[in-house]
Amino acid sequence: MRLPLSPALCALTLFAGACQAAPLLRCQIDQGGILQTIEAAPVADPYTVKAVDINGRFRFKAVVVGDARKVEYVKLYVYSALKRQPVLLQEAKYLAPLPSATAAPDALTGVQYLYSISLERELKYGCALLEVAA
């Protein structure tokens, strides 16, 4: 598990060359009282990112396009996981967000509430774009 790079630690390690930070999207998902954390690092090709199953009821896909120096955009997708095929419930796009070493767990997205098509099941999530030690 990567932890955010604190400014004090960065200052202390600056001369040792250990003060390199990279963006990391961290999303905390709550569905049916089960908490799950999904992390996504920047990729060049968004089509290689796979959706993650959330308790067999939802699918969550977090795409961070960019590199270690700059994030071009973040796209988040939430699907209702129906037996026949997934149905898109939400697509959110954040252009050129800036990472932070100290951010609230939902700093990028706020808290989002979504409901499945069948049985009205709730999924709650929040994401933050963090700056972590590389």
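Residues numbered from 1 in each chain as written. Predicted model: local features only at pLDDT ≥ 70, side-chain atom pairs only at ≥ 80, totals over all residues. Heavy atoms only, no water.

Moving on: the pattern of salt bridges. Following the criterion strictly, the structure yields three salt bridges and no others. The residue Glu91 makes a salt bridge to Lys75 at a minimum N-O spacing of 3.3 Å. Residue Glu91 is located in strand S6 (residues 87–95), and its partner Lys75 is located in strand S5 (residues 71–80); the two are separated by 16 residues in the primary sequence. The class for Glu91 is partly exposed, based on a relative accessible area of 44%. (Salt bridge = Lys/Arg side-chain N within 4 Å of Asp/Glu carboxyl O. Helix = DSSP H or I, 4+ residues; strand = E, 2+ residues; numbered from the N terminus. Buried < 20%, exposed > 50% of the residue type's maximum accessible area, 1.4 Å probe, protein only.)

So, about the environment of Lys75. Under the relative-accessibility criterion, Lys75 is labelled buried at 18%. For the pair formed by Lys75 and Glu91, sequence separation is 16 residues and the distance between their alpha carbons is 7.0 Å.

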